[in-house]
Amino acid sequence: MKRLIKLSFIVFALAGVFAGTASAGGYDDASCNPKVGKYGYEECYLPPGRAGSSYSFRLNTHGGCPPFTFRVADGEIAPGLGVSSGGSYGIISGTPQVAGTYRFNIQYTSKTPTCLGDEIDRYFNITILAPKLAVQTSLLKPAITGTPYSQPLTTNSTAPVTWAVTAGSLPAGLTLAQNGVIAGTATTLGASTFTVTATGDGQTDTKQLTIQVVAPLKLTAKAPKGAEVGIQFNATVTATGGIGPYAWTIGTLPPGLAFDSATGILTGLPTAAGSFPVKVSVSDPGTGTATEVDLTLKVAAPLAISTRTLKSASVAHAYALKLKATGGVRAFKWTLKGKLPKGLKLDRKAGALVGTPESAGKVRLTFSVRDALGAVSTKRLVLTVRG
């Protein structure tokens, strides 16, 4: 019996020794700013964080039996933040997303069998400030000379912000208002680089920006005097102004013609005569502008001499005959192969035989007519002069 009592005393003594190695745990007040909260007991006030910026704070502890497990047991921690274990200490970390004041209870427990079940609680308070002021505008739309311009600048702040140009200068004719709107009418072509500063909520941020000033978008069509069936046709539609590259659209073309949007050239061999209205449009994605021009393409029928016979002439009598041609593009130029009777001549511009023949006879003549596009028609005719 005495031996049993002695053994029991040893067991209890050893238990006391091992229990004594696990001192009472708790949060280390030096790691935060403890003060009595509105509920009448001491709470920890953490350094403030800022929405959108990374945050990390170490929760030091003393005593107990590490490693510990940490969790939010009550209240609401700022969205984007979380708590984790570093073994003998806790870590609040993350990137808070929403500004505001948050109160929450963090509890840590031991995983060690000696201290299993021990729970240490403390309430923490943290203020998340509004995000760091940042100018969000990075690109400005181009300005067009002679056209009213308006471009608002933006930040990530919901609080009022004032703006100013603090380096460089805006294009001539444009100004920056304190509310962050660049407005006016640009007058000078070219690029202007400048720095803007936004100030609000006790913060500032700057951004270097550039405005390109360009000429208005314009279409110019350069075409030959006309078009003719079977004759090569070339016309150029030129876009100027804006930024480019341009986007083209074109209406229905005369049969045989095609439009190359890369070069702005309208080309081909027309296959049908007629008058064809064609709308050419161009847009400039860089400025968001567009313009158009209405063209009327007149395609003439092939050039052909239509005079079938020459009326007879009489010696010593005035003679006049106008040669006729159909199709083609004016002006015409007439030529002749063969020798006219003495006293007659060919008016090359009018295509007329005029004069007073002096001798009788019959001659075979070859007439040719050339039009403004270089087309040629030829016909052989006979002229009789009676005595």
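Residues numbered from 1 in each chain as written. Predicted model: local features only at pLDDT ≥ 70, side-chain atom pairs only at ≥ 80, totals over all residues. Heavy atoms only, no water.

Peer 1: What is the right way to read the sheet that holds strand 32 (residues 344-347) from this model?
Peer 2: Adjacent strands of a sheet form backbone hydrogen bonds with each other and so pair up, either parallel or antiparallel. Strand order in the open sheet formed by three strands is 29-33-32, and the pairing between neighbours is antiparallel. Because the sheet does not close on itself, it has two edges, and the strands there are strand 29 (319-322) and strand 32. Taking each pair of neighbouring strands and ignoring which way they run, the sheet shows an average axis angle of 20°. Sheet analysis places strand 32 next to strand 33 (residues 352-355), joined by four bridges and oriented antiparallel. Across the sheet, residue L346 finds its bridge partner in strand 33, namely L353. (Pairing = 2+ DSSP bridges. Helix = DSSP H or I, 4+ residues; strand = E, 2+ residues; numbered from the N terminus. Axes fitted to C-alpha atoms, helices over the stretch in contact; angles between N-to-C directions.)

Peer 1: In this structure, what is going on with the sheet that holds strand 8 (residues 81-85)? I would like to understand it.
Peer 2: Taken in spatial order, the three strands line up as 5-9-8 in an open sheet, and their pairing is antiparallel. In this open sheet, the two edge strands, each paired with only one partner strand, are strand 5 (55-59) and strand 8. Taken over all neighbouring pairs, the strand axes of this sheet differ in orientation by 20° on average, direction set aside. Pairing between strand 5 and strand 9 (residues 90-94): five bridges, direction antiparallel.

Peer 1: Looking at this structure, I do not really get the packing of aromatic side chains. What am I missing?
Peer 2: Each pair of aromatic rings is reported with the distance of its centres and the angle of its planes. Inspection of every chain in the model, using the stated rule, returns eight aromatic pairs. Their ring planes at 50° and their centres at 6.2 Å tell us that Y41 and Y123 sit as a pair that is tilted. Note that Y41 is positioned in the loop between strand 2 (33-36) and strand 3 (42-45) and Y123 in strand 11 (residues 119-129), a separation of 82 residues in sequence. Y123 sits in the buried class, given a relative accessible area of 15%. Taken together, a centroid distance of 5.2 Å and an interplanar angle of 35° make the contact between F70 and Y108 tilted. Of this pair, F70 sits in strand 7 (residues 68-75) while Y108 sits in strand 10 (residues 100-110); the two residues are 38 residues apart in sequence, bridging distant segments of the chain. Its relative accessible area of 7% is what places F70 among the buried residues. One Lys or Arg, K35, reaches over the ring of Y45 and ends 4.7 Å from the middle of that ring. Its end group placed over the ring of Y149, K141 keeps NZ or CZ at 5.4 Å from the ring centre. (Phe/Tyr/Trp six-rings, centres within 6.5 Å; stacked < 30°, edge-to-face > 60°. Buried < 20%, exposed > 50% of the residue type's maximum accessible area, 1.4 Å probe, protein only. Lys NZ or Arg CZ within 6 Å of the ring centre and 35° of its normal.)

Peer 1: What should I look at first to understand the pattern of salt bridges in this one?
Peer 2: Where side chains of opposite charge bring their charged atoms close, a pairing between them can arise. Within the structure shown, the criterion is met by five salt bridges. The salt bridge partner of E43 is R103, with a shortest N-O separation of 2.7 Å. One end of the pair, E43, is in strand 3; the other, R103, is in strand 10, with 60 residues separating them in the sequence. Close ionic contact of K279 with D294 constitutes a salt bridge, the shortest N to O distance being 2.8 Å. Of this pair, K279 sits in strand 25 (residues 274-284) while D294 sits in strand 26 (residues 289-300), and the two are 15 residues apart along the sequence. For D294, a relative accessible area of 55% puts it in the exposed group. Here the salt bridges do not stand alone but share partners, grouping K279, E292 and D294 into one network. (Salt bridge = Lys/Arg side-chain N within 4 Å of Asp/Glu carboxyl O.)

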